[in-house]
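# Per-entry structural report
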Amino acid sequence: MVEYPRVLVNLEKIRDNARILKDKCIKKNISIMGVTKSFCAELNIARAMVAEGVQFLADSRLTNLEKLGAIDIPKVLIRIPMKSNAKKVVEVADISLNSELKTIHVLNNEAEKQGKIHGIILMVELGDLREGILPKNFQKAAKETIDLPHLKLMGIGVNLTCYGGVIPDNTNLGELSDLATQIENKFGVSLEIISGGNSSSLYLLNEKNFPEKINNLRLGEAIILGRETTYGKSIRGTHGDAFILEAEIIEIKEKPSVPIGTIGLDAFGNKPQFQDMGIRKRAILAVGRQDIEHDGIIPLDPRIKVLGASSDHLLLDISDSERDYKLGDIISFQLKYGSLLKVMTSNYVKKDFLGVVD
Ligand SMILES: *Cc1c(COP(=O)(O)O)cnc(C)c1O
């Protein structure tokens, strides 16, 4: 029996997206870390990525990496580890992104205990002001990491367009590339992974002078939604609708478009604004802000307007639709990144898959 709300994940579409990105990256000798955090590392979806040849799986959460243990491919922790969690980091991740020497030392001790060599990618701060070691302190940190016997400095990386909205370009990625060369020359090591960012770096692949040492990208949204994230453009040939949310109508009524009474604050402490459009046909769906962001869902019926949502009700204006919706009908939506994250995280949304990956 089908249960609603549900998200229908088309694994063939995910595979198409992963294949197209793999083909693009391979031309520039770039490996891909398939980032699984937006879909809570659902194994079916991760397997679809792996089937098309992503070389690593990466997640920000240890619980997700643990789940991915079922797939035999190197795993990367892409959020800077908590010092208190080093044991689990070494257990579930082969490689972690790091920016704190204290934590790196704890990881070294833990790797010794577990009889492992744990891989480190040192993150450099190049302006976006999220994680990363400042360039002036970078060589020292690299040297200290290289000298720890139970760690291997696998490479270096940068994260952009996350907090500060700084766009990857030939200047900042050029700086990453130069830092890699400096470290290799100065300390006589060779770095396997020079990780030039996330889905926002993809647009640069079309440029002739892509910094040549960059040989890895960490891609989530691009594979999942078929979009590069610097300009928000869809990537040619990919699908933006691999994830479809379906929810059921639990009330349909004609009601005024402006509330009646004195307007105070809504359930989330905001003062709502209304435009008087007269009497409108409205539908309530059994899904809400615990499962979606109402400004991050796009009805497949283009004549439906999303009015708003409370914790567990989604309000739609269906007056202009060509379809005569009835109580119990199902309405479908494409998802933006923020809603996808919530839909996949919500325990109240059923996850169904189209297609199989073995
Ligand atoms: C989330 C994340 C990514 C993936 O970002 P997308 O925009 O989904 O490609 C890559 N690297 C790090 C460090 C992240 O936290």
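Structure shown above.
My aim in this report is to walk through the structure given alongside it, one point at a time. (Residues numbered from 1 in each chain as written. Predicted model: local features only at pLDDT ≥ 70, side-chain atom pairs only at ≥ 80, totals over all residues. Heavy atoms only, no water.)

Reported here for the largest pocket is a volume of approximately 780 Å³. Lining the largest pocket are 29 residues, and of these Pro 272, Gln 273, Phe 274, Leu 307 and Gly 308 sit closest to its centre. The residue makeup of the lining of the largest pocket, split by class, is 13 nonpolar, eight polar and eight charged. A volume near 300 Å³ is recorded for the second largest pocket. Lining of the second largest pocket is provided by 19 residues; of these, Lys 37, Cys 162, Asn 198, Ser 199 and Tyr 337 occupy positions nearest its centre. Taken together, the residues that form the lining of the second largest pocket break down as seven nonpolar, seven polar and five charged. (1 Å grid on protein atoms, 1.4 Å probe; cavity = no way out; pocket = protein on both sides within 12 Å on 5 of 7 lines; lining within 4 Å. Points joined across faces, edges and corners; volume = space filled by probe spheres on them. Nonpolar A, V, L, I, M, F, W, Y, C, P; charged D, E, K, R; others polar.)

For the rest of this paragraph, the subject is the environment of Ala 46. Tracing the backbone shows Ala 46 in helix 2 (residues 43-51). Among the residues examined, Ala 46 registers a relative accessible area of 0% and is labelled buried. Between the C-alpha atoms of Ala 46 and Ala 286, which are 240 residues apart in sequence, the distance is 29 Å. Discounting chain neighbours no more than four positions away, the residues touching Ala 46 are Thr 36, Phe 39, Leu 57, Leu 68 and Ile 71. (Helix = DSSP H or I, 4+ residues; strand = E, 2+ residues; numbered from the N terminus. Buried < 20%, exposed > 50% of the residue type's maximum accessible area, 1.4 Å probe, protein only. Contact = heavy atoms within 4.5 Å.)

Right, let's get into the packing of helix 1 (residues 11-26) against helix 2. Contact geometry for helix 1 and helix 2: axes closest at 8 Å, N-to-C directions at 35 degrees. Note on packing geometry: the crossing formed by helix 1 with helix 2 is right-handed. Here helix 1 contributes Leu 11, Ile 14, Arg 15 and Ala 18 to the contact with helix 2, which in turn contributes Asn 44, Ile 45, Ala 48, Met 49 and Ala 51. Looking at side-chain class alone, the contact of helix 1 with helix 2 contains seven nonpolar, one polar and one charged residues. (Axes fitted to C-alpha atoms, helices over the stretch in contact; angles between N-to-C directions. Left-handed = near helix turned anticlockwise from the far one by under 90°.)

Pairing of strand 1 (residues 6-10) with strand 10 (residues 243-256), which is carried by four bridges, proceeds in the antiparallel orientation. By the bridge assignment, Leu 8 is partnered in strand 10 with Ile 244. (Pairing = 2+ DSSP bridges.)

What follows covers unusual backbone geometry. Cis geometry is found at the peptide bond from Tyr 4 to Pro 5, where omega equals -5 degrees. Counting through the fold element by element, Pro 5 comes out in the segment before strand 1. Positioned with a positive phi, Asn 29 is a non-glycine residue whose angle comes to about 60 degrees. Relative to the helices and strands, Asn 29 resides in the loop between helix 1 and strand 2 (31-35). For Asn 29, a relative accessible area of 65% gives the class exposed. Of note, the phi angle at Cys 40 is positive, near 50 degrees, even though the residue is not glycine. A relative accessible area of 19% places Cys 40 in the buried class.

Fair warning: the whole summary comes from geometry, so function is off the table for now.
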